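An overview of the molecular structure
Here is how the chains run, residue by residue.
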Amino acid sequence: MGDGASSSRSGRGGVKERAKERGGIGESVVIDHGRRRNSCGYCRSTSASSVSHGLWANSLTAEDYQELLDHGWRRSGCFLYKPEMDRTCCPSYTIRLKANNFYPSKDQDRVYKRMQRFLDGATSMDKYDNLKQTANSCKGSVKLVCRESIPEITAVSTKGSASSTCEKLSSESVIIHALSDIIDKAVSILCGSISLPVAQFPKVNVKKVTTQAKKKLMNISEDLAYTSNIAFQIAATIRRSQAADAINKSLEPELPDINPRTIAEKLSGLVMQQEVPSELLTKACNGHLNFYSTTKQISSEASNLKQKAQEPRGSQGNAKRIATSENCIIMPPKRRKLEIRLKRSSFDQEEYALYRKYQIEVHDDKPEKVTVSSYKRFLVDTPIIFSPPISGDNSVVPCGFGSFHQQYLIDGKLVAVGVVDILPRCLSSKYLFWDPDFAFLSLGKYSALQEIDWVKETQNCCPSLQYYYLGYYIHSCSKMRYKAAYRPSELLCPLRYQWVPFEIAKPLLERKPYVVLSDYLVEQQSAMLSKHASSVERFDTDTAGCAHIEDSSDEDNDEIDFRYKDTDMDIGDESSFLADGAPVADGSPNCDVGDIVLAVNGLRVKFKDLEKVLGCVDKKVISGLEKQLMSYVRVVGTELAGHMLLKTLNLK
């Protein structure tokens with residue numbers, strides 16, 4: 001492609017020359033499938049509004065795929081695709097991050113800490129159980145018994161102990177819902193005792209008492225964890241009932257004391273007869289129904305018990321009680337082991353089982369669609385030729401260049417797999433699938449942070465590998481905006497292939513989806529330089545820095561944990577593209593395609609020598625092939641088009 005970017009690359013040596021210098025083998029062999037139209041997986045358009053250019057790669061060197069990435073390409077298995085940005089419904093901009101400039105957000109820090117707490121044994125998987133399952137575990141059949149004007153609840157537990165399940169509750173949201181459910185039961189019984197319909201009462205609201213709230217209030221116990229003002233709401237409802245003449249005549253003689261304090265005390269008695277989480281103590285205080293944490297008290301008792309157990313036998317007295325179920329010593333939590341393994345891309349039955357579970361449970365794929373062949377085609381097959389490391393050569397990472405699967409194992413159990421390509425200048429993240437049982441660990445974010453750390457560490461042995469590529473960024477698709485949270489990031493200009501800081505691109509993309517980003521770079525550069533002291537490198541510069549930019553928009557959101565790194569399409573096999581529409585050359589530069597090497601009729605022939613080697617060829621065939629080659633050069637660039645082998649249909 002005749003642009004400044006390609007000319008600047010020639011100054012530091014061509015792709016082939018750099019591959020030879022580091023001992024690279026093999027060559028890139030591709031088939032051009034031209035323009036393709038499909039329905040869009042981003043905007044869910046049912047029409048063929050997604051427009052892209054496609055290549056099938058029989059083989060591809062790591063250097064060539066790096067250059068293709070820097071021209072806006074991505075791969076799905078062996079199929080390469082590049083959106084036609086000015087035509088497609090959802091323009092997709094390649095996004096990258098210079099690892100050494102990365103600074104984690106608050107949300108990303110929380111992901112690290114959450115994983116560390118889990119590995120330390122401070123939290124368990126039980127606390128993240130489904131809310132419905134947790135609520136069901138605490139439910140039982142309710143029996144009403146009259147006892148002095150206050151009814152009593154006898155809970156008949158279901159299979160297993162409901163109390164053992166509730167004792168494991170520590171997640172704030174789960175505890176709040178469980179307490180609300182328990183109080184609801186108590187309110188229902190209280191209403192029954194005074195002949196009031198439950199529907200008249202408002203929904204129970206339980207709130208966590210924050211540290212700031214405790215500081216504002218006097219004489220508040222530090223152990224106060226949750227509170228509810230339902231007693232005040234019940235009292236207000238009863239007063240409104242008394243005000244209604246029709247109801248007043250029938251209910252007034254039976255109405256109890258409507259003082260919130262009295263109601264709170266009765267509710268407290270009812271609640272304590274249920275399966276309240278063992279770490280909480282229920283008390284009524286000035287009309288409020290309060291729940292106090294007993295963790296400190298339990299820890300203190302356990303410490304005393306342990307101390308008594310270590311005393312001489314003669315002074316122990318009734319020390320045998322230490323071993324009873326009521327006075328057991330709390331042992332330190334068991335630590336978990338996290339292993340991260342990097343392996344060459346190949347089929348693994350355990351990985352496939354995890355992928356199948358992930359696609360069915362997270363993405364609602366139909367089981368019959370998640371087959372071994374589709375998995376291999378999508379995430380195992382790769383055209384990238386493996387480049388092994390060379391002793392004493394720091395131009396190749398120790399694991400080599402190629403396609404890899406990064407496995408995450410906790411205590412030997414496979415919980416996530418990241419599919420990545422390791423290339424001369426970057427780690428390109430392609431896809432991630434994980435165990436839905438471990439969704440609470442935000443493995444999508446955690447794996448991205450680990451991959452960024454890997455790039456940082458790898459620079460010590462391979463200085464050229466500096467970037468982390470996150471795939472495509474689509475500003476019009478809310479599900480893709482999370483990628484900009486990895487700051488400071490850059491977007492690739494779709495026309496001149498310059499890297500533009502996201503902070504410059506963002507306001508432009510908010511006005512329209514397709515923008516030639518480099519057009520706005522010059523006018524923004526002076527302002528950005530004064531504020532951020534940064535510059536934008538061209539796509540071919542190996543060592544130029546990128547801006548360390550503060551992003552005013554904080555995209556922290558624990559709820560947004562996207563389960564995959566990219567919505568790469570699961571492309572069918574090669575044969576499905578052979579009958580596709582012919583490539584077009586609209587807008588192609590007026591370039592010389594004579595030196596493009598073709599694989600035709602079993603021969604390697606330059607286009608300019610085609611007639612000389614094959615003899616007389618129909619002029620219409622030559623003209624059509626020339627248009628195809630001009631389109632090919634337009635999308636891959638002059639240098640790549642000049643040395644990649646392009647397979648074509650046989651000519652007669």
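See above for the structure.
1. Quick look at the environment of tyrosine 65
Its location among the elements puts tyrosine 65 in helix H3 (residues 62-69). It is 9.0 Å that separates the C-alpha atoms of tyrosine 65 and serine 28, two residues lying 37 residues apart in sequence. Setting aside chain neighbours within four positions, we find tyrosine 65 in contact with Leu60, Arg74, Arg75, Leu80, Ile384, Asp421 and Leu423.

2. Here we look at the packing of helix H13 (residues 349-362) against helix H14 (residues 372-380)
Packing of H13 against H14 leaves a shortest axis separation of 11 Å and a crossing angle of 100°. Judged by the angle between their axes, H13 and H14 are roughly perpendicular. Note on element contacts: H14 touches H13 through Val372, Tyr375, Phe378 and Leu379, opposite Glu351, Tyr352 and Tyr355. When its residues are assigned to classes, the contact of H13 with H14 shows 6 nonpolar, no polar and 1 charged.

3. Focus: the sheet that holds strand E1 (residues 29-38)
Taken in spatial order, the 7 strands make up an open sheet running E3-E4-E2-E1-E21-E19-E20, and their pairing is mixed. Either end of the sheet is taken by a strand with one partner, and the two such strands are strand E3 (74-76) and strand E20 (603-606). With strand direction ignored, the average angle separating the axes of adjacent strands in the sheet is 35°. Bridge count between strand E19 (residues 597-600) and E20: 4 bridges; the pairing is antiparallel. Directly across from valine 597, in E20, lies its bridge partner lysine 606. Most of the contacts of helix H19 (residues 619-636) go to strand E2 (residues 50-59), to which it runs at about 95°, and overall it touches E1, E2, strand E4 (79-83), E19 and strand E21 (645-647).

4. Let's talk about the sheet that holds strand E11 (residues 288-293)
Ordered by their spatial adjacency, 4 strands build an open sheet running E8-E9-E11-E10, and the pairing between neighbours is antiparallel. The strands lining the two open edges of the sheet, one partner per strand, are strand E8 (206-208) and strand E10 (280-285). Averaged over neighbouring strand pairs, the angle between their axes works out to 25° when direction is ignored. Two elements, E8 and strand E9 (residues 224-228), share 3 bridges in a ladder whose sense is antiparallel. Opposite valine 206, over in E9, you have serine 228 as the bridge partner. On the sheet, helix H11 (residues 260-272) packs against E10 and E11 and is oriented at approximately 165° with respect to E10.

5. As for the side chain of aspartate 107
Summarising the element assignment, aspartate 107 is placed in helix H4 (residues 106-120). For aspartate 107, the side chain forms a polar contact with the side chain of lysine 445, separated by 2.6 Å.

6. Considering the side chain of serine 228
Topologically, serine 228 is positioned in strand E9. Using a relative accessible area of 2% as the deciding quantity, one classes serine 228 as buried. Polar contacts involving the side chain of serine 228 include one to the main-chain carbonyl oxygen of asparagine 205, which spans 3.1 Å. The residues touching serine 228, leaving out its near neighbours within four places in the chain, are Ile183, Val204, Asn205, Val206, His288 and Leu289.

7. Looking at helix H16 (residues 502-511)
Most of H16 sits inside the fold, with 7 of its 10 residues counted as buried. Of all the positions in H16, only Phe502, Glu503, Ile504, Ala505, Lys506, Leu508 and Leu509 are classed as buried.

8. Quick notes on the pattern of salt bridges
One pass over the structure, following the stated rule, counts 20 salt bridges. Glutamate 84 serves as the salt-bridge partner of arginine 35, at 3.0 Å between the closest nitrogen and oxygen. A residue pair is termed long-range when its members are at least 10 positions apart, and arginine 35 in strand E1 and glutamate 84 in the loop between E4 and strand E5 (93-98) qualify at 49 residues. Just as arginine 35 is buried, glutamate 84 falls in that class too. Of the charged contacts, one joins lysine 357 and aspartate 437 as a salt bridge, the two residues approaching to 2.9 Å between their closest N and O atoms. Taken as a pair, lysine 357 in helix H13 and aspartate 437 in the loop between strand E15 (426-434) and helix H15 (443-458) lie far apart in primary sequence, 80 residues in all. Classification of aspartate 437 by relative accessible area gives partly exposed; the value is 41%. Each of Lys357, Lys413, Asp435 and Asp437 takes part in one network of salt bridges that share partners.

9. Describing the pairing of E1
Where burial is concerned, most of E1 is hidden: 8 out of the 10 residues are buried. Note: E1 against E21, 3 bridges, orientation parallel. What sits directly across from isoleucine 31, in E21, is lysine 647. In the sheet, E1 pairs with E2 via 9 bridges, with the strands oriented antiparallel. Within the sheet, the bridge partner assigned to aspartate 32 lies in E2 and is leucine 55.

10. A closer look at the packing of aromatic side chains
Summed over all chains, the structure comprises 17 aromatic pairs. For the pair tyrosine 355 and tyrosine 375, a centre-to-centre distance of 4.8 Å together with 40° between the ring planes defines the contact as tilted. Separated by 20 residues along the polypeptide, tyrosine 355 in helix H13 and tyrosine 375 in helix H14 bring together distant segments of the chain. On the basis of relative accessibility, which here comes to 5%, the residue tyrosine 355 falls in the buried class. Here a set of aromatic residues connected by ring pairs shows up, and it is made of Phe347, Tyr352, Tyr355, Tyr375 and Phe433. Directly above the aromatic system of tyrosine 292 lies the positively charged group of lysine 283, at a separation of 5.7 Å from the ring centroid. The positively charged end of lysine 376 is found above the aromatic ring belonging to phenylalanine 347, 4.9 Å away from the centroid.

11. Remarks on H11
With 13 residues, H11 should reach 18 Å at 1.5 Å per residue; the first-to-last C-alpha distance of 18 Å fits that figure. Restricting attention to buried positions, one finds in H11 the residues Pro260, Ile263, Ala264, Leu267, Ser268, Gly269, Leu270 and Val271. Measuring from the side-chain oxygen of the N-cap residue of H11 to the backbone nitrogen of arginine 261 gives 2.8 Å; that N-cap residue is asparagine 259.

12. Focus: unusual backbone geometry
Cis geometry is adopted by the peptide bond preceding proline 488, which originates at arginine 487 and carries an omega value of -5°. Structurally, proline 488 is set in the loop between strand E16 (467-473) and strand E17 (489-492). A positive phi angle, near 60°, is found at arginine 44, a position not held by glycine. For arginine 44, the location among the structural elements is in the loop between E1 and E2.

13. Considering the packing of H4 against H15
Contact pair H4 / H15: the axes reach a minimum separation of 10 Å and the direction vectors enclose 100°. It follows that H4 is roughly perpendicular to H15 by the angle criterion. Facing Asp107, Gln108, Val111, Tyr112 and Met115 of H4, the residues of H15 in contact are Leu443, Lys445, Tyr446, Leu449, Gln450 and Asp453.

14. With respect to the pairing of E2
Extensive coverage of E2 is indicated by the burial of 9 of its 10 residues. Here E2 runs beside E4; their pairing, made up of 5 bridges, is antiparallel. Residue pairing in the sheet places tryptophan 56 in a bridge with phenylalanine 79 of E4.

Here is what the cut-offs are and how they apply
- Residues numbered from 1 in each chain as written.
- Predicted model: local features only at pLDDT ≥ 70, side-chain atom pairs only at ≥ 80, totals over all residues.
- Heavy atoms only, no water.
- Helix = DSSP H or I, 4+ residues; strand = E, 2+ residues; numbered from the N terminus.
- Contact = heavy atoms within 4.5 Å.
- Axes fitted to C-alpha atoms, helices over the stretch in contact; angles between N-to-C directions.
- Parallel < 35°, antiparallel > 145°, perpendicular 65-115°, else oblique.
- Nonpolar A, V, L, I, M, F, W, Y, C, P; charged D, E, K, R; others polar.
- Pairing = 2+ DSSP bridges.
- Polar contact = N/O pair within 3.5 Å; in protein donor to acceptor, adjacent residues only side chain to side chain.
- Buried < 20%, exposed > 50% of the residue type's maximum accessible area, 1.4 Å probe, protein only.
- Salt bridge = Lys/Arg side-chain N within 4 Å of Asp/Glu carboxyl O.
- Phe/Tyr/Trp six-rings, centres within 6.5 Å; stacked < 30°, edge-to-face > 60°.
- Lys NZ or Arg CZ within 6 Å of the ring centre and 35° of its normal.
- Expected span 1.5 Å × (residues − 1).

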